[in-house]
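Chain residues, written in single-letter form:
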2 protein chains.
Amino acid sequence: MSGSIITISRQYGSGGRFVGKKLAEKLGIPFYDNELISMAAKESGFAESLFENAEKNTTYSLLYSLSMFGTSSGGMYGLPLSDKVFLIQSDIIKKVADQGPCVIVGRCADYVLRERNDVVHFFFYSDIENRVERAMKYYGLEEKKAKEAIEKTDKKRAAYYNYYTGERWGEIKNYHLSLNTDSIGIDACVDVLSNYIEAKNTKN
Amino acid sequence: MSGSIITISRQYGSGGRFVGKKLAEKLGIPFYDNELISMAAKESGFAESLFENAEKNTTYSLLYSLSMFGTSSGGMYGLPLSDKVFLIQSDIIKKVADQGPCVIVGRCADYVLRERNDVVHFFFYSDIENRVERAMKYYGLEEKKAKEAIEKTDKKRAAYYNYYTGERWGEIKNYHLSLNTDSIGIDACVDVLSNYIEAKNTKN
C-alpha cells in the first residue's frame with residue numbers, strides 16, 4: 001500500500017502526537033515516537049537519554065558544529081555527538097519507512113524522507129489558549145509553566161529542524177497538509193486525515 | 001448553519017480558486033471572487049478596474065500611504081485611493097458573510113473576518129512544476145511566461161496581504177487548514193474539505 005507513510009510535525013500542546021497515534025490505530029499501521037528513540041539507541045550503543053535530548057535540550061549552532069568538526073569524539077566521520085545522533089536517527093527513520101506504511105512523529109522525518117514520493121507530511125498546530133489548556137491537563141503543568149514549556153519546546157524544535165534541514169520549521173510548503181487541531185477536535189482531525197490518506201492512496 | 005463561511009487564500013496556479021468554486025457548489029452556497037469586485041464597484045461608484053487592480057497591480061508602500069494621508073483625493077477620511085478600495089471591499093466581505101454561508105476568495109477575507117469564530121480559513125498551494133503546468137494549460141501561457149506570472153502574482157498577493165493585515169501571507173497560523181492541492185488532486189481536495197466543514201459544523 002503506497003502513500004501511507006506519514007510524518008508528523010507538531011507544535012507542543014497541539015495534540016498533534018495524539019492525532020498521529022489515533023490515525024495510526026485507525027489505519028492499522030505502526031506508530032513511531034519514543035519507540036524510535038529506543039530503536040536508535042539499541043542500534044548505536046549510545047545511551048537512550050542522548051536521543052531523548054537530541055530534539056529537546058540541545059542548542060544547535062553551526063559555529064559549534066564547525067568548531068567540533070574533525071575533533072576526536074571518535075567514530076562516525078569525526079562529527080560532533082549531536083550530529084551522529086541525528087544521522088543514526090535518520091537511518092532508523094529510513095529503515096522503518098522501507099518496511100511499509102507507518103506514522104513517524106518529529107525528528108525531521110519529513111526532511112529525512114523528502115525524496116520519497118510515497119510519504120505524506122502533516123503539520124499540526126493550535127491556538128495558544130488551547131495549547132496552554134492541554135499542557136495543563138495532560139502534562140499537569142500550572143498555567144505559567146505551561147506557557148513557558150510551549151515557548152521553550154517550540155523554540156527548540158524549530159532550532160533543531162532549521163539547523164539540520166536548512167528549512168524553516170512550520171513553513172507551509174514543507175507539508176502536504178497543515179491543520180489547526182482544535183478547530184474541529186482530535187477525532188474529527190483523524191477522520192479528515194484518513195480521508196486524505198485514502199484519496200492519496202487512490203491517486204498513487 | 002454556522003461554520004461554513006469559508007475564506008480561501010491561494011498561490012497562483014495552485015487550482016485553489018477552482019477548489020473553492022467546486023466546494024461552494026458541493027455545499028450549495030454562494031461563491032464570491034470577481035462577483036465581489038463587481039458588487040464593490042457598484043456600491044462605491046468607483047470604476048470596476050480599480051478593484052481588479054487592487055490585488056494585482058499596485059505596489060503598496062507605507063511611505064506612499066503616509067505621504068498621501070491627508071491629501072485631497074476626496075471622500076473617505078482623506079485616505080489614498082488604494083486604501084479606500086480596500087475598505088470598500090472589506091465592507092462588502094463583511095456584508096456577504098453576514099448573509100450566511102459562502103466561499104470568499106482572496107482579498108484578505110481571512111483578516112477582514114478574523115473576529116468571527118464561525119468562519120474557516122483555508123490556504124491552497126502546490127509544487128512549482130504543477131503550478132507552471134496549470135498556468136500553461138488554463139491561462140494559455142508559455143512556460144517562461146507561466147513562471148514569470150507565478151512569481152509576479154504571488155509577490156503582489158503577499159505584498160497586498162502583508163501591507164493591509166500586518167501579517168505574513170501563507171503563514172500557517174493564519175489558516176485553519178492548508179493543503180497542497182496536487183498531492184491528492186482537486187476533486188479529492190473538495191471531498192477532504194467538505195469533510196472538514198461537516199466536522200466544523202457538528203462541533204459548533
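Conventions used here
Residues numbered from 1 in each chain as written. Chains lettered and ligands numbered in written order. Predicted model: local features only at pLDDT ≥ 70, side-chain atom pairs only at ≥ 80, totals over all residues. Heavy atoms only, no water. Contact = heavy atoms within 4.5 Å. Buried area = accessible area lost by both parts, 1.4 Å probe. Salt bridge = Lys/Arg side-chain N within 4 Å of Asp/Glu carboxyl O. Polar contact = N/O pair within 3.5 Å; in protein donor to acceptor, adjacent residues only side chain to side chain. Helix = DSSP H or I, 4+ residues; strand = E, 2+ residues; numbered from the N terminus. Nonpolar A, V, L, I, M, F, W, Y, C, P; charged D, E, K, R; others polar. Pairing = 2+ DSSP bridges. Expected span 1.5 Å × (residues − 1). Buried < 20%, exposed > 50% of the residue type's maximum accessible area, 1.4 Å probe, protein only. Phe/Tyr/Trp six-rings, centres within 6.5 Å; stacked < 30°, edge-to-face > 60°. Lys NZ or Arg CZ within 6 Å of the ring centre and 35° of its normal. Axes fitted to C-alpha atoms, helices over the stretch in contact; angles between N-to-C directions. Parallel < 35°, antiparallel > 145°, perpendicular 65-115°, else oblique. Left-handed = near helix turned anticlockwise from the far one by under 90°.

1. Digging into the interface of chain B and chain A
Turning to step 1, where the next piece is worked out: In this complex, chain B contributes 25 residues to the contact, which on the side of chain A involves 25 residues.
Turning to step 2, where the next piece is worked out: Of the roughly 2000 Å² buried at the junction of chain B and chain A (both faces included), carbon and sulfur atoms supply 60%.
Turning to step 3, where the next piece is worked out: In this structure, the connection of chain B to chain A is made through two salt bridges.
Turning to step 4, where the next piece is worked out: The shortest N-O distance in the salt bridge between Glu171 of chain B and Arg168 of chain A comes to 3.6 Å.
Turning to step 5, where the next piece is worked out: Inspection of the chain B/chain A interface yields 11 residue pairs in polar contact (both at pLDDT 80 or more).
Turning to step 6, where the next piece is worked out: For the side of chain B that touches chain A, the secondary-structure elements that each account for two or more residues are β4 (119-125), β5 (177-180) and α9 (186-203) of chain B.
Turning to step 7, where the next piece is worked out: When residues in the side of chain B that touches chain A are grouped by element, the largest group, eight residues, is from α9 of chain B.
Turning to step 8, where the next piece is worked out: A per-class count over the side of chain B that touches chain A returns 11 nonpolar, seven polar and seven charged.
Turning to step 9, where the next piece is worked out: Inspection of the sheet shows strand β5 (residues 177-180) of chain A paired to β5 of chain B by three bridges, in the antiparallel sense. From the neighbouring strand, Leu179 of chain A faces β5 of chain B, where its bridge partner is Leu177 of chain B.

2. Things to note about helix α8 (residues 143-165) of chain B
Residue and element names in this part refer to chain B.
Turning to step 1, where the next piece is worked out: In this model, α8 (23 residues) spans 33 Å end to end at C-alpha, consistent with the 33 Å of a helix rising 1.5 Å per residue.
Turning to step 2, where the next piece is worked out: For α8, every residue scored as buried is listed here: Ala146, Ala149, Ile150, Asp154, Arg157, Ala158, Tyr160, Tyr161, Tyr164 and Thr165.
Turning to step 3, where the next piece is worked out: Positive backbone phi, approximately 75°, marks Gly166, located one or two places after α8.

3. Regarding unusual backbone geometry
Turning to step 1, where the next piece is worked out: Positive phi, close to 55°, is recorded for Arg107 of chain A, a residue that is not glycine.
Turning to step 2, where the next piece is worked out: Following the sequence through the fold, Arg107 of chain A ends up in the loop between β3 (102-105) and α6 (109-112).
Turning to step 3, where the next piece is worked out: Owing to a relative accessible area of 6%, Arg107 of chain A belongs among the buried residues under this scheme.
Turning to step 4, where the next piece is worked out: For Cys108 of chain B, which is not glycine, the phi dihedral falls at a positive 55°.
Turning to step 5, where the next piece is worked out: Take Cys108 of chain B: it is sitting in the loop between β3 (102-105) and α6 (109-112).

4. Thoughts on the packing of aromatic side chains
Residues and elements named next belong to chain A.
Turning to step 1, where the next piece is worked out: A full pass over the atoms with the stated rule returns 20 aromatic pairs over all chains.
Turning to step 2, where the next piece is worked out: In this structure an aromatic cluster arises from ring pairing among Phe86, Tyr160, Tyr163 and Tyr164.
Turning to step 3, where the next piece is worked out: Positioned over the ring face of Tyr111 is Arg114, at 3.8 Å from the centre of the ring.

5. Re the packing of helix α1 (residues 16-27) of chain B against α9 of chain B
Residue and element names in this part refer to chain B.
Turning to step 1, where the next piece is worked out: Contact geometry of α1 with α9 gives a least axis separation of 9 Å together with a crossing angle of 55°. When the interaxial angle is binned, α1 and α9 end up oblique. As for the relative orientation of α1 and α9, their crossing is right-handed in sense. Note on element contacts: α9 touches α1 through Ile186, Asp187, Cys189, Val190, Asp191, Leu193, Ser194 and Ile197, opposite Phe18, Val19, Lys22, Leu23, Lys26 and Leu27.
Turning to step 2, where the next piece is worked out: Per-class residue counts for the contact of α1 with α9 are nine nonpolar, one polar and four charged.

6. Overview of the environment of Ser9 of chain B
All names here are of chain B.
Turning to step 1, where the next piece is worked out: Residue placement: Ser9 occurs in strand β1 (residues 5-10).
Turning to step 2, where the next piece is worked out: By relative accessible area, Ser9 is classed as buried at 7%.
Turning to step 3, where the next piece is worked out: Measuring from C-alpha to C-alpha, the distance between Ser9 and Tyr125 comes to 8.9 Å, with 116 residues separating the pair along the chain.
Turning to step 4, where the next piece is worked out: Sequence-distant contacts of Ser9, that is, excluding residues within four places in its chain, are made with Asp110, Phe122, Phe123, Phe124, Trp169 and Tyr175.

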